[in-house]
Every structure is written in C-alpha cells, then in structure tokens.
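Structural overview
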Amino acid sequence: MKLLTTIALLVASTLSLAETPQQIRQTYAAEAAAQQAGFTASAKRGETLFRQRFAVSDKMPDCTACHTANPVNAGQHVITGKSIKPIAVAGNGERFTDPAKVEKWFVRNCKEVVGRLCTPAEKADFVAYMSEVR
Amino acid sequence: MKRLTLIALLGLALPAFADRMPLPANTPASFKTECASCHLAYPPALLASKDWQTLMGGLKDHFGSDAAVDAKTAQEIGDFLSSNAGSPSKLGNAGNPPRITQTARFVRKHDEVPAKLWRDPRVKSAANCEACHRNAASGSFSERDLVLPELKR
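Residues numbered from 1 in each chain as written. Chains lettered and ligands numbered in written order. Predicted model: local features only at pLDDT ≥ 70, side-chain atom pairs only at ≥ 80, totals over all residues. Heavy atoms only, no water.

Some points on the nonpolar core
If you look at the biggest cluster of nonpolar residues, it comprises 31 residues, and the most contacted ones within it are Tyr28(A), Phe39(A), Phe96(A), Phe106(A), Phe126(A) and Met130(A). Secondary-structure elements contributing two or more residues to this core are α2 (21-35), α3 (43-51), α5 (99-114) and α6 (120-132) of chain A. Top element by residues in this core is α6(A). It accounts for seven residues. Look past the residues within four positions of Phe39(A) in its chain and what remains in contact with it is Ala29(A), Ala32(A), Ala33(A), Arg45(A), Ala121(A), Ala124(A) and Asp125(A). Ranked by size, the runner-up nonpolar core spans 23 residues in total, among them Tyr42(B), Leu47(B), Leu59(B) and Ile77(B). (Core = buried A, V, L, I, M, F, W, Y, C linked by side-chain atoms within 4.5 Å. Buried < 20%, exposed > 50% of the residue type's maximum accessible area, 1.4 Å probe, protein only. Helix = DSSP H or I, 4+ residues; strand = E, 2+ residues; numbered from the N terminus. Contact = heavy atoms within 4.5 Å.)

Brief notes about the packing of aromatic side chains
Tallying each qualifying case throughout the model produces six aromatic pairs over all chains. Ring centres 6.2 Å apart and planes at 35° place the aromatic pair Phe106(B) and Trp118(B) in the tilted group. Of this pair, Phe106(B) sits in helix α6 (residues 104-109) while Trp118(B) sits in helix α7 (residues 115-118), and the two are twelve residues apart along the sequence. For Trp118(B), a relative accessible area of 28% puts it in the partly exposed group. Three or more aromatic residues link up through ring pairs in this structure, and these residues are Tyr28(A), Phe50(A), Phe106(A), Phe126(A) and Tyr129(A). (Phe/Tyr/Trp six-rings, centres within 6.5 Å; stacked < 30°, edge-to-face > 60°.)

A look at α3(A)
Residues and elements named next belong to chain A. Buried within α3 are the following residues: Ala43, Gly46, Leu49 and Phe50. Along α3, the residues classed as buried sweep out an arc of 115° about the axis, all on the same side. With respect to the buried face of α3, the exposed residues turned more than 90 degrees away are Lys44 and Thr48. Here the buried face of α3 lies against α4 (64-67) and α6. (Arc of directions from axis to C-beta.)

Regarding the interface of chain B and chain A
Taken together, the 18 residues of chain B in the interface contact twelve residues of chain A. For the chain B and chain A pair, buried surface summed over both sides reaches about 1,200 Å², with 44% attributable to carbon and sulfur atoms. The tally of links from chain B across to chain A stands at three salt bridges. Between Lys104(A) and Glu34(B) there is a salt bridge whose closest N-O contact spans 3.2 Å. Joining chain B to chain A, the criterion identifies seven residue pairs in polar contact (both at pLDDT 80 or more). Tallied by class, the residues present in the side of chain B that touches chain A amount to seven nonpolar, seven polar and four charged. (Buried area = accessible area lost by both parts, 1.4 Å probe. Salt bridge = Lys/Arg side-chain N within 4 Å of Asp/Glu carboxyl O. Polar contact = N/O pair within 3.5 Å; in protein donor to acceptor, adjacent residues only side chain to side chain. Nonpolar A, V, L, I, M, F, W, Y, C, P; charged D, E, K, R; others polar.)

Everything listed here is a matter of coordinates, which is why it stays silent on function.
Set out below in structure tokens:
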C-alpha cells in the first residue's frame, strides 16, 4: 500500500513538474506500467514506431513524411512546405520539455498518421527514442 | 534634383508599404502555437472576417487535417482574426472553403507566376509563402524580397 502511494505521488509529481524529456518519458512509462506490469520504455521500439508505415493518410503515411528519416534534422510539412524544427532532442533542445505541448501533438499526429490515439507505452517509447537518438 | 530623387524614392517605397503586413503587437500566443505550427502565421488581412469565421467553424476538417482547438482558444483566435481581417471588397471572393490563394487579390498579385513554379518541389504548395517570400514570417511580401531564381529570369 505504501508502495502504491509512493508510486502515485511520484506520478503526480512528474505530471505537474515534468519539464525534461526524461520526466515526460517517465510520466508516460508510469501510465503504461499501470496497464502492463513491468513496462519499461524502449528507444528501439520508439524508432520502429517512428518508421512504421501506417498509410492511413495519403500524404502522411508515416512520421518520416514530415520529420524526415533522420529526426535530428529539420523536417518539412509535407502539405504546406513549412519547415519543422528537428523533433529529436539532439537537434532541438526545446523538444519534450512542455508536457501539454507534447500531449497535444501526440493526439493530433497519432490521429492523423496512425489513425488512432497512441497508447501510453507507444508515447513512452517514442520519447525515449527521440531523447536518445544522435 | 535632390527633391526629384526623393520623390522617386518615395514612389518606389509606396507600393512596398502595401506588401508589409506584420502581425499586430496584440497577436495572441495561441495564434502562433495553434496556426503557425503547420503553416505560416498568415496575416489576418489576407481574408475577410466572414471567411475567417467559416474557417474557424470547420477546424475539425481543416483542408484534410484535424486542427480543432478548445472553445476558449477558438474564441481568442477567431476574435483576433476578425478584428484584423481584410476588406471583402478589396480581397474578392475566397471560395468555400475559403482560401487565401483563391481571393481575386492573391490571384492578381501572382498572375505572372508560371504554373511550373507552383509545382516546384521547393514550393510544394501555394500555402508555402516563404518558398518565394523569404521574409513572409515577418510580414514582408515585397517583390524585392523574392528568392526563387526562376522568378528573376
């Protein structure tokens, strides 16, 4: 019981204070672990998700359509042509530092590209990959 | 002579003023975070108020993308767009859904742009102002700021 309270407090504290990619990743990982015991985020699975071809949207069949095959590089919006700052932390230190912004884009882009909302596990994996890729 | 030069310079500068549309100082942050993530923060003067309202009412299917925002943000952005919107008589009909690129003003201003250039991969879309108007993000659409070499040929 004590352990549960500790975990709940930890989750709550990361939820309100999350401001590093590590904290944001932990928040999603904790959410995933609640559904799937023993879950740990995997950058490798995150990369698979990033490169997976969903083909739900013609112009945006996968993440790389806009973010390019190398997430450390700047991307380009495939429809409007607007340049997009690198999505990987190594290319853009502002990435994954604002939890509300991160969640907003997971909702928007998962619906558009994956065709559904992403799971907490997928989000944790994705943040792990984007934090670690060089 | 000096005076003539001054008048000539003024004459050159005047048309440029009409092509300067910087965002107003009171532009809400939400306009930039919600609208300008996927495309340029288009100057509100490029569409009439009625057309902005039509666009804001259909964000769930915004040219194929779900760009919906919460009610409070929609109100804030909608009010901002309407109060800085352009004159319907100068812009002309924007179609339905309204497109900046369909207004008579846009078409007239771009009538010398060859079709080939619109299809250039560096341009991608007429929505991509910055492909040619390098300083569009700061509101400059002056002909002197054009960058694609094809235009200068």
